[in-house]
Each structure stands twice: as C-alpha cells, then as structure tokens.
Amino acid sequence: MKLIIGFLIIGFLASCSDGKKVVVGNKTTMEINMVYDAGNVVKGEIVNAKFKIKNTGDYPLVIAEVKGSCSCTVAEYPEEPLATGEKATILAHVNTDKTGAGILNKSVSIVSNTEPSITRVVIKANVTTK
C-alpha cells in the first residue's frame, strides 16, 4: 500500500508543470480542523462537511488521497500542491440514506507529505428519522 501511494505521489508530482518546484521526500506540516459536527440531520440528507487546511510548513503540501471510512462518504480535495501559507478546503459528503439512525461518526483519511502521512478527521451528526 505504501509503495502504491509512493508511486501515486511521484506520478502526481511529475505531472505538475506550473513552475512550482516540488521535491519528493520533503515533509511539511498542515493545520486542519479535526472534527466537523453537523448537529441534527434527518435520515436521507447529505452532510456536506468542510475541513479547512493550511500549509504551515516549509515545503509544498501534497495531498495524495482523501478517502472516507465507508461507501456513504465521498471526498473532494485540492489536486495541486499548496504553497507555504496557502489555504484550501477538503469537502466530504456523507449520504445519511446509507447510514442508520442515531449517532453518526464517520472518519476521513487524508494521505499527504506530512508526518505522520495519514491524518484522520471525523464527521459527527445525530441522524433522526423525522
């Protein structure tokens, strides 16, 4: 798995041609809100969670993959590297039609050139039937 992710990052970086110099192996840091609380939602609603990120390190932040913990969670993320100080948003959509009623607690894994390389954020909600 790590080998596949490594090749994906290398391929992604090789395809960047906007003049930003990105060197494989450079680790950086990011600031991110770790929890999105949607409050009370009615079963069938789509929870649209927003996770604001900021590159707080010295090198470009490269997000290789963002994946939800189940098929009910789909994520969108910036495909271009973020320069130092640059901000962006990761969007995660949870289809509550595919979840049960009650407490919803879904995680989203962000794979990037940070240490550790996987950051998990959480989407919380209380799913009701009315």
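Cut-off values and rules
Numbers given to residues run from 1 along each chain, matching the order in which its sequence is written. Side-chain atom pairs in this predicted model are given and counted only at pLDDT of 80 or more, local residue features only at pLDDT of at least 70, and totals for whole chains, interfaces and linings cover all residues. Think of the side-chain values as coming from all heavy atoms in the structure, minus any hydrogens and water. Only DSSP runs of H or I with at least four residues qualify as helices, and only runs of E with at least two residues qualify as strands; both kinds are numbered from the N terminus onward. All accessibility values rest on the Shrake-Rupley procedure with a 1.4 Å probe; residue burial counts only the protein chains present in the view. What makes two strands pair is DSSP finding at least two bridges between them. Helix axes are fitted to C-alpha atoms over the stretch in contact, other axes to C-alpha atoms as well, and angles between N-to-C directions run from 0 to 180 degrees. What we call a nonpolar core is a set of buried Ala, Val, Leu, Ile, Met, Phe, Trp, Tyr and Cys residues that are connected through their side-chain atoms within 4.5 Å. The rule is simple: take the accessible area with a 1.4 Å probe, protein chains only, and divide by the maximum for that residue type; under 20% is buried, over 50% is exposed, in between is partly exposed.

1. Quick notes on the overall build of the protein chain
Thought 1: Each helix and strand in the protein chain was counted, giving 1 helix and 8 strands.
Thought 2: Written out in order from the N terminus, the α and β elements of the protein chain read α-β-β-β-β-β-β-β-β.
Thought 3: For the protein chain, the accessible surface area stands at approximately 7600 Å², while carbon and sulfur atoms represent 54% of it.

2. Side note on the sheet that holds strand β4 (residues 63-68)
Thought 1: Strands sit in the order β2-β8-β7-β4 across an open sheet of 4 strands; the sheet is mixed. Either end of the sheet is taken by a strand with one partner, and the two such strands are β2 (35-42) and β4. Direction aside, the axes of adjacent strands within the sheet are offset by 20 degrees on average.
Thought 2: Direction of pairing for strand β7 (residues 102-112) relative to strand β8 (residues 118-128): antiparallel, over a ladder of 10 bridges. Bridging from a neighbouring strand, Val-108 pairs with Val-121 of β8.

3. Considering the nonpolar core
Thought 1: Core analysis: the biggest nonpolar cluster contains 24 residues, and Phe-51, Ile-53, Ile-63, Val-66, Ile-90, Ile-110 and Ile-123 have the highest contact counts within it.
Thought 2: Among the secondary structure elements, those contributing two or more residues to this core are β1 (30-32), β3 (46-55), β4, β6 (87-95), β7 and β8.

4. As for the pairing of β6
Thought 1: Side chains Ala-88, Ile-90, Ala-92 and Val-94 of β6 all project onto a buried face; the interleaved residues Lys-87, Thr-89, Leu-91, His-93 and Asn-95 project onto a face where none is buried.
Thought 2: By the bridge criterion, 9 bridges tie β3 to β6 in an arrangement that is antiparallel. Looking at the pairing, Ile-46 lines up with Asn-95 of β6.
Thought 3: By the bridge criterion, 4 bridges tie strand β5 (residues 73-76) to β6 in an arrangement that is antiparallel. Each residue of the ladder has a partner; that of Glu-76, found in β6, is Leu-91.

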